[in-house]
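Residue-level structure breakdown
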Amino acid sequence: MDTVKLLSLLRTSSGSKSLTRAKLIHQKIVIQGLQNNIALCKSLINLYFSCQNYDSAKLVFRTIENPLDLSLWNGVLAAYTKNYMFSEALELFDRLLQNPFLKPTSFTYPSVLKACGGLGRVGYGKFIHTHLIKTGFGLDVVVSSSLVGMYAKCDKFDSAIKVFDEMFERDVASWNTVISCYYQDGQAEKALKLFEKMRESGFEPNSVTLTTVISSCSRLLDLERGKEIHKEYVKDGFVFDSYVSSALVDMYGKCGCLEMAREIFEQTPVKSVVSWNSMIAAYSSKGDSKSCIELFRSMHAEGIKPTVTTLSSIIMSSSRSAQLEHGKFMHGYIIRNRMQSDIFINSSLIDLYFKCGHVGSAENVFDKMVKTNVVSWNVMISGYVTVGDYFKALSIYEDMKETSVKPDAVTFTSILSACSQLAALEKGKEIHKYIVESELESNEIVMGALLDMYAKCGAVDQTFNIFQKLPEKDLVSWTSMITAYGSHGQALEALKLFHEMLQINVKPDNVTFLAVLSACSHAGLVYEGTLKQQ
DNA sequence: TCAAAGTCCC
């Protein structure tokens, strides 16, 4: 069998992912003494990679006597990074640098930079960046886009944007890199602005662009913008792209357009697990656990394996609908299939069991889970608060302080709510100190909870102190302050505050009126109370 | 066919 025949054999086998075939062809190559033929080896290495037999791929590369063909090295580098084998890629790059006969080219660096990004090795990435400036490879559009991507993956968004701004040649992929960079940094509005700029610069978005910009609309809950992009750019062809279609399902689902989400979902010919997850999440947000379970059964019937996202979404829907049976069904599925529960699954299970009053089951899940994440403690504390077991909430909070897990804004909000229910002023003060230490004094939600705690404990001075410091006073904070005055018998102060609140056009609600009337009744101010009724 | 960019769950 000659080289041409073997090459065509390799080509026809490339999609088969059959290891047996790969080994057979490998054997034929060795028998013919063709193990140094570059074209054959490249093809064979790729075949082994597609079979995920990395050792054999390495073996083929290693046994080539004089691998002086750079495209071979570049190909293996690319294969490594495609398979997330970033350390191997950097090792190979190191060996390439040591080879006196070979020099890396613009085709080498994209893979190397991707490996740096994947490993978070920004120091090495920076070193390469400097080298690229010196050698001029940084002028290559793919190389510089890869630099942008590398910095973004390492969370160095400023550096990423700087490289992008300094690029003098751009293509769709480099725009996509920077748009996704803003999206990943949580700046969805900026991502959409860049999308506008990209269009103004005369570039047509492709499916990658659309995936990111639709997701940006989804995160902003900007239905109008999402619809516009859908109508203007998502032509028939894009519906076949599972990324674009999932992003659309997610966007319509998050914006509450369930019918539209369903329509796109049904039109998607090949549904990926993310498509299913997005559709399930849409029903989950509505608390429609019945539809979630139905979808779960359909996906199972179509041979799609659920991910942890699928399972936690369905459990959350059962929690929202308070359908204990639906949640227990999922819990059973996880145990039967010996699936590894993650923090999302466990916290949604705990939430479900508390919501349905099965405190024992919630405690069981909590006991068995890894508690290195603040969220696992938070769900437990807020769970006890929702069932009214404030002492247990405080005791879990104390347990948490024994570990190295630091409480966050959610922890403080829940635990302060427990304190205000118990009128536990001393405990509340202690938590206040801790909030100051944790530098959460600028967090509006935490400060609102603190205000409520002091108000409910009748500590007027402390309440006023917090109230004064609030940067933005909303209806709830005004009401808390009025309540504090009222419960302390300072009805006139309460009334004064009520008038101040009206003057700056904050509209009172039933709770406010109740607080004002209660203040009047405590002080015997019948006349003032009657006035408020009008 | 030697390179870069994408979606979902506390």
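Residues numbered from 1 in each chain as written. Chains lettered and ligands numbered in written order. Predicted model: local features only at pLDDT ≥ 70, side-chain atom pairs only at ≥ 80, totals over all residues. Heavy atoms only, no water.

Let's shift gears to the overall build of chain A. Along its length, chain A carries 32 helices and zero strands. Expected size for 534 residues packed as a compact globule is a radius of gyration near 24 Å; at 31 Å, chain A overshoots this value by more than 25%. Principal axes of the C-alpha set define a box for chain A whose edges measure 105 × 55 × 50 Å. Among the 534 residues that make up chain A, the fraction classed as buried is 47%. Counting only contacts in chain A whose residues sit at least 6 apart along the sequence, the fraction spanning at least 24 positions is 59%. (Helix = DSSP H or I, 4+ residues; strand = E, 2+ residues; numbered from the N terminus. Rg over C-alpha atoms; globule rule 2.2 N^0.38 Å. Buried < 20%, exposed > 50% of the residue type's maximum accessible area, 1.4 Å probe, protein only. Contact = heavy atoms within 4.5 Å.)

Turning our attention to the domain arrangement of chain A. The assigned domain composition of chain A is domain 1 (1-67), domain 2 (271-369), domain 3 (383-472) and domain 4 (474-534). For domain 1 versus domain 2, the distance between C-alpha centres works out to 45 Å. (Domains from an automatic or database assignment.)

In this section: the protein's contact with DNA strand B. Residues in close proximity to DNA strand B total 44 residues, the closest being N74, D171, N176, T211 and V375. Sugar and phosphate atoms constitute 44% of the interface atoms of DNA strand B, taking the interface as everything within 4 Å of the protein. Between DNA strand B and the protein, one listed contact pairs a phosphate oxygen with a side-chain N or O atom of Y183 at 2.8 Å. Within the contact set of DNA strand B, a base oxygen lies 3.1 Å away from a side-chain nitrogen or oxygen of S312. The element best represented in the surface near DNA strand B is helix α11 (residues 172-184), accounting for six residues. Grouping the constituent residues of the surface near DNA strand B by class yields 14 nonpolar, 21 polar and nine charged. (Near = heavy atom within 4 Å. Polar contact = N/O pair within 3.5 Å; in protein donor to acceptor, adjacent residues only side chain to side chain. Nonpolar A, V, L, I, M, F, W, Y, C, P; charged D, E, K, R; others polar.)

Time to look at helix α9 (residues 141-153). Here α9 contains 13 residues, and its C-alpha end-to-end distance of 18 Å stays within 8% of the 18 Å for a straight helix at 1.5 Å per residue. Summarising burial for α9: 10 of the 13 residues are buried, a large majority. Of the surrounding elements, those touching the buried residues of α9 are α7 (109-119), α8 (122-135), α10 (157-165) and α11. At the N-terminal end of α9, a side-chain oxygen is found 2.8 Å from the backbone nitrogen of V142, two or three residues along, and the residue is D140. Looking one or two residues beyond α9, the residue adopting positive phi is D155, at roughly 65°. (Expected span 1.5 Å × (residues − 1).)

What follows concerns the packing of helix α15 (residues 242-254) against helix α16 (residues 258-267). Axis angle and axis distance: for two packed helices, these are the angle between their axes and the distance between the axes, and together they describe the pair. Direction vectors running N to C along α15 and α16 enclose 165°, while the axes themselves pass 7 Å from each other. Taken together, α15 and α16 sit at an angle that is classed as roughly antiparallel. Note that α15 runs across α16; the crossing there is left-handed. Along its contact with α15, which presents S245, L248, V249, Y252 and G253, the element α16 presents M260, A261, I264 and F265. (Axes fitted to C-alpha atoms, helices over the stretch in contact; angles between N-to-C directions. Parallel < 35°, antiparallel > 145°, perpendicular 65-115°, else oblique. Left-handed = near helix turned anticlockwise from the far one by under 90°.)

As a further point, take unusual backbone geometry. Phi is positive for D155, close to 65°, though the residue is something other than glycine. For A423, which is not a glycine, the phi torsion comes out positive at approximately 50°. Note on placement: A423 falls in the loop between α25 (409-422) and α26 (425-437). Assessed through its relative accessible area of 43%, A423 is described here as partly exposed.

Let's shift gears to the UniProt feature "repeat: PPR" (unreviewed entry) in chain A. When the UniProt feature table is mapped onto this chain, "repeat: PPR" (unreviewed entry) is found at residues 69-103, 140-170, 171-205, 272-306, 373-407 and 474-508. Secondary structure within residues 140-170 divides into 71% helix and 0% strand; the distance between the first and last C-alpha atoms comes to 10 Å. Structurally, residues 474-508 is divided into 74% helix and 0% strand, and its ends, taken at the C-alpha atoms, are 10 Å apart. (UniProt positions renumbered as here; feature names shortened; annotations may be inferred.)

Time to look at the pattern of salt bridges. Applying the stated criterion across every chain, the model contains 13 salt bridges. Across the pair K429 and E426 runs a salt bridge, and its minimum N-O distance is 3.8 Å. Separated by three residues within a single helix, K429 and E426 lie in helix α26, roughly one turn from each other. Owing to a relative accessible area of 29%, K429 belongs among the partly exposed residues under this scheme. Of the residues examined, E426 reaches a relative accessible area of 57% and is grouped as exposed. The network of salt bridges with shared partners includes E196, R199, R225 and E232. (Salt bridge = Lys/Arg side-chain N within 4 Å of Asp/Glu carboxyl O.)

Here we come to the environment of E189. Mapped onto the secondary structure, E189 falls in helix α12 (residues 188-200). Taking the C-alpha atoms as reference points, E189 and S361, separated by 172 residues in sequence, lie 42 Å from one another.

Moving on, we come to the environment of M85. By the element assignment, M85 lies in the loop between α5 (70-82) and α6 (86-98). It is 7.8 Å that separates the C-alpha atoms of M85 and A115, two residues lying 30 residues apart in sequence. M85 has contacts with F49, Y54 and Y80, leaving out every residue within four places of it along the chain.

One pair of aromatic rings is described through two measures. These are the centre distance and the angle between the planes. Taken as a whole, this structure holds 18 aromatic pairs when the rule is applied. With a centroid separation of 5.1 Å and an interplanar angle of 85°, the aromatic rings of F61 and W73 are classed as edge-to-face. Placement of F61 in helix α4 (residues 54-62) and of W73 in helix α5 is noted, with a sequence separation of 12 residues between them. Taking relative accessible area as the criterion, W73 reaches 4% and is therefore assigned buried. Both rings, one in F354 and one in Y384, keep their centres 5.1 Å apart while their planes meet at 75°; by these two values the pair is edge-to-face. (Phe/Tyr/Trp six-rings, centres within 6.5 Å; stacked < 30°, edge-to-face > 60°.)

It is the contact of helix α13 (residues 207-220) with helix α14 (residues 223-233), at a shortest axis distance of 8 Å, that shows an interaxial angle of 155°. Between α13 and α14, the angle is such that the two are roughly antiparallel. In this structure, α13 crosses over α14, and the sense of that crossing is left-handed. Along the contact surface, α13 presents L210, V213, I214 and C217, while α14 presents R225, G226, I229 and Y233. The residue inventory of the contact of α13 with α14, partitioned by class, reads six nonpolar, one polar and one charged.

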